[in-house]
Amino acid sequence: MTRIETGWPVRKLAIVLYPFTAAAVAINLFMLSLMGQAIGLPALSPIVSIWISLPLGIPATWLAAKWVRRLMDEADGKRPPAD
């Protein structure tokens, strides 16, 4: 059996993680807007939260993918590359 020396690149991880990260951003935006009602801000509808989360999910996904890549490298006993 051959050992694979290279893991998933951050870009590939980001593509896989994007739907989950964007959904988490949408849920957090919706909950934040509900908490904002306590200080007089309007609540966002779930649909608006989803639409706002689509572009905001990109940087969140990139950070999540970098974090997962670092955890995978750590689990493999590799030293993570310096950024």
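Scroll up a little and you will see the structure.
Definitions and cut-offs
- Residues numbered from 1 in each chain as written.
- Predicted model: local features only at pLDDT ≥ 70, side-chain atom pairs only at ≥ 80, totals over all residues.
- Heavy atoms only, no water.
- Helix = DSSP H or I, 4+ residues; strand = E, 2+ residues; numbered from the N terminus.
- Buried < 20%, exposed > 50% of the residue type's maximum accessible area, 1.4 Å probe, protein only.
- Contact = heavy atoms within 4.5 Å.
- Axes fitted to C-alpha atoms, helices over the stretch in contact; angles between N-to-C directions.
- Parallel < 35°, antiparallel > 145°, perpendicular 65-115°, else oblique.
- Left-handed = near helix turned anticlockwise from the far one by under 90°.
- Nonpolar A, V, L, I, M, F, W, Y, C, P; charged D, E, K, R; others polar.
- Patch = residues over 30% accessible without salt bridge, like charges linked within 9 Å, V, L, I, M, F, W, Y side chains within 5 Å.
- Areas by Shrake-Rupley, 256 points an atom, 1.4 Å probe, with all protein chains shown as cover.
- Salt bridge = Lys/Arg side-chain N within 4 Å of Asp/Glu carboxyl O.
- Phe/Tyr/Trp six-rings, centres within 6.5 Å; stacked < 30°, edge-to-face > 60°.
- Lys NZ or Arg CZ within 6 Å of the ring centre and 35° of its normal.
- Bend = angle between axes of the 7 residues up to and from the residue.
- Polar contact = N/O pair within 3.5 Å; in protein donor to acceptor, adjacent residues only side chain to side chain.

A. Examining the environment of Leu17 more closely. Inspection of the secondary structure assignment puts Leu17 in helix α1 (residues 10-36). The class for Leu17 is partly exposed, based on a relative accessible area of 22%. Through-space distance from the C-alpha of Leu17 to that of Val68 is 9.8 Å; in sequence the pair is 51 residues apart. Setting aside residues up to four positions removed in sequence, Leu17 forms contacts with Thr61, Ala64, Ala65 and Val68.

B. Molecular detail of the packing of α1 against helix α2 (residues 46-76). Two elements in contact, α1 and α2, have axes separated by 5 Å at closest approach and are oriented at 135°. In terms of orientation, α1 lies oblique with respect to α2. Crossing angle aside, the handedness with which α1 passes α2 is right-handed. Across the contact of α1 with α2, the residue classes break down as 22 nonpolar, five polar and three charged.

C. Quick peek at a nonpolar patch on the surface. A surface patch of nonpolar side chains, about 430 Å² in accessible area, is lined by Ile47, Ile50, Trp51 and Leu54. Its location among the elements puts Ile50 in helix α2. Classification of Ile50 as partly exposed rests on a relative accessible area of 45%.

D. Geometry of the packing of aromatic side chains. Enumeration according to the criterion identifies zero aromatic pairs in this entry. The aromatic ring of Trp8 is capped on one face by Lys12, whose charged end is 4.9 Å from the ring centroid.

E. Region of interest: α1. Taken as a whole, α1 carries its principal kink of about 55° at Leu17; the proline Pro19 stands between one and four residues after it. Within α1 the residues assigned to the buried category are Val10, Leu13, Ala14, Thr21, Ala22, Val25, Ala26, Leu29, Ser33 and Gly36. If you follow the buried residues of α1, they end up packed against α2.

F. Representation of the side chain of Ser53 in the model. Its place among the elements puts Ser53 in helix α2. Among the polar contacts made by the side chain of Ser53, one reaches the main-chain carbonyl oxygen of Ile50 at a distance of 2.7 Å. Ignoring sequence-local partners within four residues, the contact set of Ser53 consists of Tyr18, Ala22, Val25, Ala26 and Leu29.

G. Structural view of α2. Along α2, the sharpest kink reaches roughly 45°, centred on Leu56 and followed within four residues by the proline Pro59. All of the buried residues in α2 are Ser49, Ser53, Gly57, Thr61, Ala65, Arg69 and Asp73. Packing partners of the buried residues in α2 comprise α1. The positive-phi residue at the C-terminal boundary of α2 is Gly77, with phi of around 80°.

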